[in-house]
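Tertiary structure, described
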Amino acid sequence: MSEESVTEARTATRPDRGLRRTAELVGIGITGVVAVAMLGFVLLYWAQDLPVASDLYAAFRSFGRGMDAALGTNVFRHPIMWQSMATGVLVGVVAPLVGSFLVHREMALIGETLAHTAFAGVAIGILVTSSTGWDGSLLLVALAVGIVGALVVQWLTERTDAYGDVPIAIMLSGSFAVGTLIISYGDGLTGINVRGYLFGNLAVVTPEGARLMGALSLIVVAGVALTYKQLLFITFDEQAARVAQLNVTGYNTLLVVLTAVVVVGAMQVLGVILVAAMLVVPVAAASQIARSFRETMYLAVIFGQLSVIGGFAVSIGFGLPSGGSIVVTAIAVYLASIVGSGFSVKAISAHG
């Protein structure tokens, strides 16, 4: 190809590249606005008795009633639905954000492992509740157990001589086994709906759970933003990062802890069994059409939001579990991205 032809080809692709980048930024901007609005509702619901907050909260409730009137539904006037949607929207941001690193490091299985560990935490919380009468949040117990589980997984991976992901698989089955044993032992002692934690249920999301998800989301976004370059370096060339004397073990530990944090928050609407899908499927969809790692993250978050909003629409419209509805919608987005990419397979660049 002549130099003139190469120049013409590059010139022709620039408008397309600019339009593509603009569309991504618009999508990320809309996602950010929706996420901030949902965070705002969680705060307003918490502070609704304060003077200014009470007026804003009343306006939000009026907006919900207006949506019901326009759509012919009886959903958006209820605060419980808004806190469930707020939790889902935040999951749609942070799960693909962390999942982008996990997928490209071939660590997708760790999300499932930590979900099962969090389930063991819920089981421990139920046992403590039934034995002592403690009325604390099960999610806080699950969060503590999940973080401990993440640290154990990281320790096993670093210290044992087992092949590949054997320690992760052992932790996955072992933690779920512990959870089922504890649940069976305490069966009938409390009225807690364990099925909701397994498969996801909008009714599982409490005001405390929504606030916890809001706080955890801020922590995850801040953690990724502050360590993005280091995590990116480790993701694409861990050996070079070690040679550069980067604290690889520390950043690996941070990544698995952030994963545990996301999993505990997300299992309210997705359930233990399906929570790992939101770490993987939107990222897999984005990888089909993205040209760089940064673009993969942007698109994964956008696809995550589409999956959550579409899944909520299916769940509310047909009375189906939220977890399955969101995951099936995410898979539909993934299949659409394959068709849109023309079945092509591209290598992802660490730049851009």
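Residues numbered from 1 in each chain as written. Predicted model: local features only at pLDDT ≥ 70, side-chain atom pairs only at ≥ 80, totals over all residues. Heavy atoms only, no water.

1. Some details on the layout of surface pockets
Under the convention used in this document: A cavity here means a set of 1 Å grid points, computed over protein atoms only, where a 1.4 Å probe fits but cannot escape. A pocket is an open set with protein on both sides within 12 Å along at least 5 of 7 lines, and lining residues have an atom within 4 Å of a point. Grid points are joined across faces, edges and corners, and a volume is the space filled by probe spheres set on the points. Elements are defined by DSSP. Helices are runs of H or I of four residues or more, strands are runs of E of two residues or more, and each kind is numbered from the N terminus. For this scheme, ten residues count as nonpolar: Ala, Val, Leu, Ile, Met, Phe, Trp, Tyr, Cys and Pro. Four count as charged, namely Asp, Glu, Lys and Arg, and the remainder, Gly too, count as polar.
For the largest pocket, the calculated volume is near 480 Å³. Contributions of two or more residues to the lining of the largest pocket are made by α1 (3-46), α3 (79-104), α8 (207-226) and α13 (293-318). Per-element tally for the lining of the largest pocket: the top contributor is α1, with six residues. A breakdown of the residues in the lining of the largest pocket according to their chemical character gives 16 nonpolar, three polar and one charged.

2. Comments concerning a nonpolar patch on the surface
The test is simple: Patch building starts from residues that exceed 30% relative accessible area and form no salt bridge, then joins like charges within 9 Å and nonpolar side chains (Val, Leu, Ile, Met, Phe, Trp, Tyr) within 5 Å. Residue-level accessible areas treat just the shown protein chains as cover; the underlying method is Shrake-Rupley with a 1.4 Å probe. By convention in these notes, a salt bridge is any Lys or Arg side-chain nitrogen within 4 Å of a carboxyl oxygen on Asp or Glu. Buried residues are those whose accessible area, probed at 1.4 Å on protein chains only, stays under 20% of the maximum for their type, while exposed residues exceed 50% and partly exposed ones sit between those limits.
The grouping of Ile124, Val128 and Trp134 at the surface amounts to a nonpolar patch, some 220 Å² of accessible area in total. Looking at the element boundaries, Trp134 is found in the loop between α4 (109-132) and α5 (138-159). A relative accessible area of 35% places Trp134 in the partly exposed class.

3. Digging into the nonpolar core
This is how the line gets drawn: Residues grouped as a nonpolar core are buried Ala, Val, Leu, Ile, Met, Phe, Trp, Tyr and Cys residues, joined through side-chain atoms within 4.5 Å. Working rule for contacts: check all heavy atoms of both residues, and any pair within 4.5 Å makes them a contact.
Among the nonpolar cores identified, the biggest contains 83 residues, and Phe101, Val220, Met267 and Leu270 are the most heavily contacted of them. Among the elements that line this core, the one with the most residues is α3, at 14 residues. Dropping the residues within four chain positions of it, Met267 is found in contact with Ala118, Val122, Leu139, Ala142, Tyr197, Val272 and Val275.

4. Considering the pattern of salt bridges
Applying the stated rule across the entire model yields five salt bridges. With its nearest N and O atoms 3.6 Å apart, the salt bridge here joins Arg21 to Glu24. One end of the pair, Arg21, and the other, Glu24, are both in helix α1, three residues apart, so they sit about a helical turn from each other. Between Arg105 and Glu238 there is a salt bridge, with its nearest N and O atoms 2.5 Å apart. Residue Arg105 is found in the loop between α3 and α4, and its partner Glu238 is found in helix α10 (residues 238-243); the two are separated by 133 residues along the sequence. Relative accessible area serves as the criterion here: at 17%, Arg105 is assigned to the buried category.

5. Looking at the packing of aromatic side chains
Formally: Only Phe, Tyr and Trp rings are paired, with Trp represented by its six-membered ring, and only when their centres lie within 6.5 Å; those with planes under 30 degrees apart are stacked, over 60 edge-to-face, the remainder tilted.
Under the criterion given, the structure shown has 14 aromatic pairs. With a centroid separation of 5.2 Å and an interplanar angle of 50°, the aromatic rings of Phe101 and Phe293 are classed as tilted. Placement of Phe101 in helix α3 and of Phe293 in helix α13 is noted, with a sequence separation of 192 residues between them. In this pair, the class of Phe101 matches that of Phe293, namely buried. Among the aromatic residues, ring-to-ring pairing joins Phe41, Tyr45, Tyr57, Phe60, Phe63, Phe76 and Trp82 into one connected group.

6. A few points about the packing of helix α9 (residues 228-236) against α13
Condition: Every angle, taken between N-to-C directions, lies between 0 and 180 degrees, and every axis is a line fitted to C-alpha atoms, over only the stretch in contact when it is a helix. Working rule for angles: under 35 degrees goes down as roughly parallel, over 145 as roughly antiparallel, 65 to 115 as roughly perpendicular, anything else as oblique. Should the near helix be turned anticlockwise from the far one by less than a right angle, the crossing is termed left-handed; should it be turned clockwise, right-handed.
Relative orientation of the contacting elements α9 and α13 amounts to 110°, with a least axis distance of 12 Å. Taken as axis vectors, α9 and α13 run roughly perpendicular relative to one another. The handedness of the crossing between α9 and α13 is right-handed. Contacts between α9 and α13 involve Tyr228, Leu232 and Phe236 from the former and Phe293, Arg294 and Met297 from the latter.

7. Some thoughts on the confidence of the model for the chain
What counts here: Confidence of the predictor at the level of single residues is given by pLDDT, which spans 0 to 100.
In the predicted model, the chain carries a mean pLDDT of 83, and 87% of its residues have values of at least 70. Looking at the elements of the chain, mean pLDDT is at its lowest for helix α7 (residues 194-199), recorded as 70, and at its highest for helix α12 (residues 277-289), recorded as 93.

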